[in-house]
Amino acid sequence: MRKAIGKILKIGTLVSTWGLIAMVLLQIICRFSWFETPSWTEEASRILFIYAISFASGLALKSSNYYVALDAFYNMFNPKFKAVLDKSIPVVIFILFAVFAFYAIRFVSLGMIEKSPSMGFNMGISFCSMFIIGATLCYYAWHKIVKAYKKKSA
Amino acid sequence: MIWILVIVFVVALVLRYPIAFALGLACLVYLIGAEIPLILMPMKMYSGIDVFVLLSIPGFIIAGNLMNQGGLTEKIISFCNHLMGHIRGGLSLVNIGASMLFAGISGTAISDTASMGSVMIPAMKKEGYDADFSCAVTAASSTVGPIIPPSVPMIIAATLSGLSVGKLFLAGAIPGLLLGVGLMLVAYFIARKKNYPKHPKSSFGQVARGFVDTFWSLLMTFIILFGIIGGIFTPTEASIVAVLYALVVGRLVYKKLNFKNVQVVILDSMKTSASLMILVGFANLFGYILITEHIPQTISNEILGFSSNKYVVLLLINLLLIAVGTFMETIAALLILFPILLKVAIAVDVDPIHFAVIAVLNLIIGLTTPPVGVCLFVASSIGKVSIGKVSKAGFPFLLVSLGVLILVTLIPEISLWLPNLFTD
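Read on for an overview of the structure. Each residue is numbered by its place in its chain's sequence as written, counting from 1. Just so you know, chain letters begin at A and ligand numbers begin at 1, following the order they were written in. With the structure being a predicted model, the display of local features is reserved for residues of pLDDT at least 70 and the display and counting of side-chain atom pairs for 80 or more, all residues being used for whole-chain, interface and lining totals. Note: side-chain values were computed over all heavy atoms of the structure, leaving out hydrogens and water.

Quick look at the overall build of chain A
Counting from the N terminus, the helices are DSSP H or I runs at least four residues long and the strands are E runs at least two residues long. Across its full length, chain A holds 4 helices and 0 strands. Of the regular secondary structure in chain A, the N- to C-terminal order runs α-α-α-α. Just to be clear, the radius of gyration here is over C-alpha atoms, and the globule rule we use is 2.2 Å times residues to the power 0.38. On C-alpha atoms alone, chain A measures out to a radius of gyration of 20 Å, which is more than a quarter above the 15 Å that the 2.2 N^0.38 rule sets for 154 residues. Seen along its three principal axes, the alpha-carbon backbone of chain A occupies a region of about 65 × 35 × 30 Å. For chain A, the proportion of its 154 residues judged to be buried stands at 47%. Pairs of residues are marked as contacts when any of their non-hydrogen atoms sit within 4.5 Å. Considering only intrachain contacts with a sequence separation of at least 6, the fraction spanning at least 24 residues in chain A is 69%. Shrake-Rupley sampling with a 1.4 Å probe provides the accessible areas, and residues are treated as covered by the protein chains on show and by no other component. Carbon and sulfur atoms provide 69% of the accessible area of chain A, an area that totals close to 8200 Å². Just so you know, the count uses Lys and Arg for positive and Asp and Glu for negative, and it drops His and the chain ends. Lysine's charge is taken at NZ, arginine's at CZ, aspartate's at CG and glutamate's at CD. Side chains of chain A give 17 positive and 6 negative charges; the mean places of these two sets differ by 20 Å. Exposed residues in this analysis have more than 50% of their type's maximum accessible area, buried residues have under 20%, and partly exposed residues fall in between, with area computed by a 1.4 Å probe over protein chains only.

Right under this line is the structure:
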């Protein structure tokens, strides 16, 4: 299950990124040729960018060291307090993104009645990227919680 | 209520929450306390990252990483070594020179310290340089990266203020070069005093071969810069052209790229970009809360109430930004403080482009300021030297950086000459 989710997110990130690169290249090619630049390319590239970010945000948490934190004070804490922090931080991140994902669903439903300006599709599809951010960060925070507690019991 | 936002944010930072999540957590607690609908969180996150110019950030990161996959770091170091290795303390000059060339590729100070440091610090130690000096040079030189174009902090400043990315890139070029040359002079004088080693002089052929090896990466910086300035590309288009260019060079010239490692590089670059964009999204919400609480006006009134003298105001802003830059990551600090302080700077007739350079320079100098400068930590952990020793060895470099900051603050032409020249 975990592997499948990771794979889906990786494929999602790669497809959206290549799509974004293709859209911007299309803009450039059209500008320097006889073709007129399609008006939807800018919107499409922005949406693909947001999707690429949403797919990659959870993967970044999974791999640790992508989300920068301040180590200076942490190094001064005693090992017991550090252990408490190591366990509690993923819990707080889980709660933060669980709330985020819940309200992202409402945000998506708000988007259902909107149409995108140039491509004319349902904005709910675009807003869905916010749910992906909330859900995937929540998912990988949960894995960090499980890992932290397994470490303790071991 | 605003105190809750600030306290939660600071406490979360101190407790080592990732900065992006500390911002998000502070906003969540504030919104609950102020009984504001929580749907604002995804809404502001979306509007924060739904900005066309931000698309250039993953583009530049992917292009830089693709170039690096072709062994660019080693090639740049080798070229600088042929060029400056024969001077006393040559490797320290190579370290700084390579950071200046690498600057156009990496765009962030911490990644520069890590990538350059992992190669240069062991090499310098092996040749008999003191470990603390090696770490200090690496940390100091990596601050040149974020100011020399293409610069990620400059793109963020442009997004926040609506300023031209091209003009901001140009504005950072001379201060970046000044900083680099200043650091080289200090390294040279220390090297002479400590009698650090030098290499035999390279032949013209070796220098020429080194140049050819790095030429393609240098050309990428020029394509980006002149493409934007010449009005040929938007910054986003320039970044994607850079990706295409890096793919072609990496495949046909360096012959190191294949289908598999390109996907790995893209995935890695997008994870970096995603962590930055989550930060941008939450900072957008954080900024919105500050505005609804009239914080920018309050801070502006407080500073201008203390003094309306341009130089006193700039001095206060410099002190604040260096202090913040010492413990906070450049982009996070820029996202939170730049829009607020820009208003104050404009009120005392400081050119916004000049101010953007001052702000970025302050924040990157903070990265090497003891006791908690992030680059000092990265360099000291690579060199396995205590942070205290690295801080002490880095003090002369810090003084030079502060000297450049004072020059850039007092003489706006250093930042504005190039953008004005090209605009005119």
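Quick word on unusual backbone geometry
Residue and element names in this part refer to chain B. A cis amide bond links Pro-149 with the next residue in sequence, Pro-150, at an omega value of -5°. Note on placement: Pro-150 falls in the loop between helix H8 (131-141) and helix H9 (152-161). At Asp-349, a position not held by glycine, the phi torsion is positive, near 65°. For Lys-384, which is not glycine, the phi dihedral falls at a positive 55°. Position of Lys-384 relative to the elements: it lies in the loop between helix H18 (374-383) and helix H19 (387-410). Take Lys-384: its relative accessible area is 72%, and that puts it in the exposed class.

Thoughts on helix H3 (residues 40-49) of chain B
A large share of H3(B) lies buried, amounting to 7 of its 10 residues. Residues of H3(B) that are buried: Leu40(B), Met41(B), Pro42(B), Met45(B), Tyr46(B), Gly48(B) and Ile49(B).

Examining the nonpolar core
Here, the term nonpolar core denotes a set of buried Ala, Val, Leu, Ile, Met, Phe, Trp, Tyr and Cys residues that are joined through side-chain atoms within 4.5 Å. Counting residues in hydrophobic clusters, the biggest one holds 208 residues, and the most contacted among them are Phe97(A), Met130(A), Phe9(B), Phe21(B), Phe355(B) and Phe397(B). The dominant element in this core, judged by the number of residues it contributes, is helix H13 (residues 259-292) of chain B, at 17 residues. Apart from residues no more than four positions distant in its own chain, Phe21(B) is found in contact with Leu61(A), Tyr67(A), Ile93(A), Leu96(A), Phe97(A), Leu137(A) and Ile278(B).

Quick word on a positive patch on the surface
Residues forming no salt bridge and having over 30% relative accessible area are the ones grouped into patches, like charges within 9 Å of each other and nonpolar side chains (Val, Leu, Ile, Met, Phe, Trp, Tyr) within 5 Å. Counted as salt bridges are all cases of a side-chain nitrogen of Lys or Arg within 4 Å of a carboxyl oxygen of Asp or Glu. A surface patch of like charges, here positive, comprises Arg2(A), Lys7(A), Lys10(A), Lys62(A), Lys147(A) and Lys151(A). For the positive patch, the element with the highest residue contribution is helix H1 (residues 2-31) of chain A, accounting for 3 residues.

Let's talk about the pattern of salt bridges
Using the criterion set out here, one finds 4 salt bridges over all chains in the structure. One salt bridge in this structure joins Arg31(A) and Glu237(B), with 2.8 Å as the shortest N-O distance. Taken together, the positions of Arg31(A) in helix H1 and Glu237(B) in helix H12 (residues 235-253) put the pair across two chains. Across the pair Asp50(B) and Arg46(A) runs a salt bridge, and its minimum N-O distance is 2.7 Å. A residue pair is termed interchain when its members come from two chains, as with Asp50(B) in the loop between H3 and helix H4 (56-69) and Arg46(A) in helix H2 (residues 40-62). With relative accessibility at 19%, the residue Arg46(A) sits in the buried group.

Observations regarding a nonpolar patch on the surface
Residues and elements named next belong to chain B. A cluster of nonpolar side chains, Leu-178, Tyr-311, Ile-406, Leu-407, Leu-410 and Ile-411, forms an exposed patch at the surface whose accessible area comes to about 510 Å². The element that contributes the greatest number of residues to the nonpolar patch is H19, accounting for 3 residues. In this fold, Leu-410 is placed in helix H19. Since its relative accessible area comes to 47%, Leu-410 is described here as partly exposed.

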